[in-house]
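What follows is the residue order along each chain.
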Amino acid sequence: MSGNGQWLDRINPTVRAIKPSGIRRFFDLASEMRGVISLGVGEPDFVTPWRVREAAIYGLEQGYTMYTANSGLPALRQELARYMAGSFGVSYHPDGEIVVTVGVSEALDLALRALVTPGDEVLVPEPSYVSYLPCIELAGGKPVPLSTGMSNGFRLTADQVEKAVTPRTKLLILCYPNNPTGAVLSRRELQAIAEVCAARDLLVIADEIYIQLSYTQEPVCFASLPGMRDRTVVLQGFSKAFAMTGWRVGYAAGNGDLIGAMTKIHQYTMLCAPITGQMAALEALRSARDEMREMVRQFNYRRHLVMDAFKTIGLPCFNPGGAFYAFPDITPTGLSSEDFTERLLREEKVAVVPGNAFGDSGEGFVRCSYAASVENLTEAFKRIGRFVQRYRKYNKKLNWAGN
Ligand code: PLP
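All values reported here derive from a predicted model rather than from experimental measurement.

Novice: Any chance you could explain helix 11 (residues 289-313) here in plain terms?
Specialist: Residues three or four positions apart in an α-helix share a direction because the helix packs 3.6 residues into each turn. Here helix 11 is 25 residues long and its end C-alpha atoms lie 36 Å apart, about the 36 Å a rise of 1.5 Å per residue gives. Residues of helix 11 that are buried: Met 292, Met 295, Val 296, Phe 299, Arg 302, Arg 303, Val 306, Met 307, Ala 309, Phe 310 and Ile 313.

Quick look at the structure:
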């Protein structure tokens with residue numbers, strides 16, 4: 001039930017001004033309909049590997065139902081330090097340089113609240129993950145979108161960063177592999193951005209939640225680049241690669257002063273991440289890495305399937321190098337992102353997300369998650385093909401009449 005408006009003028013104006021997520025609206029619409037195939041949610045269709053679930057169940061059986069240390073179970077932080085050093089070539093001390101959070105969502109909020117002071121500018125490549133702008137604003141900062149486009153593979157360039165820096169710029173958020181475009185940046189491109197960050201004294205929040213889902217190149221942890229370890233707070237998690245969205249575990253690693261500040265906020269607002277989730281995360285690192293790699297292999301297979309489908313349908317689509325999203329250009333249908341999404345849902349019962357939910361530069365695109373079964377993807381693309389053909393014909397007629 002929604003409110004009656006009585007409280008509205010008492011709500012913090014910053015919160016009042018924030019738009020509800022453009023993704024949620026379509027989820028709500030889709031959840032009221034039957035027979036919908038959802039390519040909307042950014043969530044693996046896999047269930048968490050059995051050994052991970054079993055470890056969590058065993059933990060509960062043994063009575064592990066209490067708070068943990070604020071920064072997370074020591075064993076988990078030690079395992080995380082080993083994992084980051086072994087997989088991404090960057091070393092952190094488990095005591096003081098790593099904090100376990102309630103998903104990357106919380107880690108992002110903590111990093112922003114710990115760093116941003118009123119009026120600070122935060123550079124955000126756009127299209128961007130839906131939480132960045134509201135979280136920056138809630139922290140009192142000013143988001144500065146850096147628009148990227150399909151012609152350049154949705155890549156952020158060092159030049160763009162350089163040109164956007166003002167005396168108020170404090171932070172750059174990086175998210176590669178990217179949600180929603182699936183773009184990745186090469187080591188050379190990241191290195192060039194790193195040089196600008198060093199020269200212009202920028203700090204970096206590297207949201208690397210998709211780092212393991214990198215298909216076309218070796219994953220690069222931004223903090224592993226020369227000079228970046230002490231400028232970067234790395235956010236990684238378990239939701240995507242280990243199929244653990246519901247366990248709510250993520251972590252931040254970085255300079256001890258910053259992690260200390262983030263832990264202070266975490267201590268007063270969250271206390272700790274859920275113990276069962278932390279025990280599951282520990283088991284995931286210890287015994288589910290092969291299964292994780294197998295899931296990544298299957299996402300990659302689906303990536304090819306989806307790219308072939310868009311080619312057949314005739315919608316231009318940038319070939320994503322990572323994550324599990326395709327971001328096709330839907331302008332040949334003559335529809336806006338929102339119209340496309342709403343009509344596709346009502347007429348063909350396929351849920352995707354309008355590109356403009358990720359910022360203005362997402363207009364003319366939609367985001368399709370291919371973290372769905374091959375069976376569902378095949379059926380969904382049959383429906384999308386039918387839909388696009390219908391509108392393309394109609395659009396051609398319109399254009400012809402207009403000429
Ligand atoms: N960052 C990005 C780029 C995401 O796509 C998501 C989830 O979709 C998150 C952070 C939040 O992840 P978590 O489930 O770890 O809170």
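Having put the structure on the table, let's press on.
Novice: What should I look at first to understand the domain arrangement of the protein chain in this one?
Specialist: The figure often quoted for interface size is the accessible area lost as the parts come together. As far as domains go, the protein chain holds domain 1 (8-47 + 290-394) and domain 2 (50-287). The distance between the C-alpha centroids of domain 1 and domain 2 comes to 24 Å. Facing 36 residues of domain 1, the contacting portion of domain 2 comprises 36 residues. Together, the buried faces of domain 1 and domain 2 total about 2900 Å²; carbon and sulfur atoms form 66% of this surface.

Novice: Got a minute to help me understand the environment of Pro 44 in this structure?
Specialist: In this fold, Pro 44 is placed in the loop between strand 1 (37-38) and helix 3 (50-61). When the C-alpha atoms of Pro 44 and Phe 242 are compared, they prove to be 8.7 Å apart, with 198 residues separating the residues in sequence.

Novice: How do you make sense of the packing of aromatic side chains when you look at a structure like this?
Specialist: Any pair of aromatic rings gets described here by the distance separating the centres and the angle formed by the planes. Applying the stated criterion across every chain yields a total of 17 aromatic pairs. When the centroid spacing of 5.4 Å and the interplanar angle of 80° are considered together, the rings of Tyr 83 and Phe 88 count as edge-to-face. For Tyr 83, a relative accessible area of 3% corresponds to the buried category. For Phe 88, a relative accessible area of 9% translates into the label buried.

Novice: Help me understand the nonpolar core in this model?
Specialist: In a soluble, globular protein the nonpolar side chains are often hidden away together inside. Ranked by size, the top nonpolar core spans 100 residues in total, and within it Leu 39, Leu 112 and Phe 238 carry the most contacts. No other element matches the nine residues that helix 11 contributes to this core. Both domains that meet at this core, namely domain 1 (8-47 + 290-394) and domain 2 (50-287), each give it at least three residues. Those residues within four positions of Phe 238 in sequence are excluded, and the remaining contacts are Leu 80, Ala 243, Met 244, Val 249, Tyr 251, Ala 281, Ala 284 and Leu 285. If you look at the next biggest cluster of nonpolar residues, it comprises 32 residues, including Leu 146, Leu 185, Val 353 and Phe 358.

Novice: Quick question: what am I supposed to make of the packing of helix 5 (residues 103-115) against helix 9 (residues 256-269) here?
Specialist: Helix-helix packing is described using two parameters, namely the angle between the two axes and the distance between the axes. Contact geometry of helix 5 with helix 9 gives a least axis separation of 9 Å together with a crossing angle of 115°. Between helix 5 and helix 9, the angle falls in the class roughly perpendicular. Between helix 5 and helix 9 lies a crossing of right-handed hand. Taken together, the residues of helix 9 that come into contact with helix 5 (itself represented by Glu 106, Ala 107, Leu 110, Ala 111, Arg 113, Ala 114 and Leu 115) are Leu 258, Ala 261, Met 262, Ile 265, His 266 and Thr 269. Grouping the constituent residues of the contact of helix 5 with helix 9 by class yields nine nonpolar, two polar and two charged.

Novice: How do you make sense of the site of the ligand when you look at a structure like this?
Specialist: Around the ligand sit 13 residues in total, of which Ser 105, Asp 207, Tyr 210, Ser 239 and Lys 240 are the nearest. The side chain of Ser 105 places a nitrogen or oxygen atom 2.5 Å from an oxygen atom of the ligand. Note that an oxygen atom of the ligand is positioned 2.6 Å from one of the side-chain N or O atoms of Ser 239. For the shell around the ligand, the element with the highest residue contribution is helix 5, accounting for three residues.

Novice: Is there a simple way to think about the side chain of Asn 178 in this case?
Specialist: Relative to the helices and strands, Asn 178 is located in the loop between strand 5 (169-174) and helix 8 (187-199). On the basis of relative accessible area, Asn 178 is assigned to the buried category, the value being 4%. Not counting residues up to four positions away in its chain, the partners in contact with Asn 178 are Pro 127, Ala 183, Ala 323 and Tyr 325.

The rules behind these values
- Residues numbered from 1 in each chain as written.
- Predicted model: local features only at pLDDT ≥ 70, side-chain atom pairs only at ≥ 80, totals over all residues.
- Heavy atoms only, no water.
- Helix = DSSP H or I, 4+ residues; strand = E, 2+ residues; numbered from the N terminus.
- Expected span 1.5 Å × (residues − 1).
- Buried < 20%, exposed > 50% of the residue type's maximum accessible area, 1.4 Å probe, protein only.
- Domains from an automatic or database assignment.
- Contact = heavy atoms within 4.5 Å.
- Buried area = accessible area lost by both parts, 1.4 Å probe.
- Phe/Tyr/Trp six-rings, centres within 6.5 Å; stacked < 30°, edge-to-face > 60°.
- Core = buried A, V, L, I, M, F, W, Y, C linked by side-chain atoms within 4.5 Å.
- Axes fitted to C-alpha atoms, helices over the stretch in contact; angles between N-to-C directions.
- Parallel < 35°, antiparallel > 145°, perpendicular 65-115°, else oblique.
- Left-handed = near helix turned anticlockwise from the far one by under 90°.
- Nonpolar A, V, L, I, M, F, W, Y, C, P; charged D, E, K, R; others polar.
- Near = heavy atom within 4 Å.
- Polar contact = N/O pair within 3.5 Å; in protein donor to acceptor, adjacent residues only side chain to side chain.

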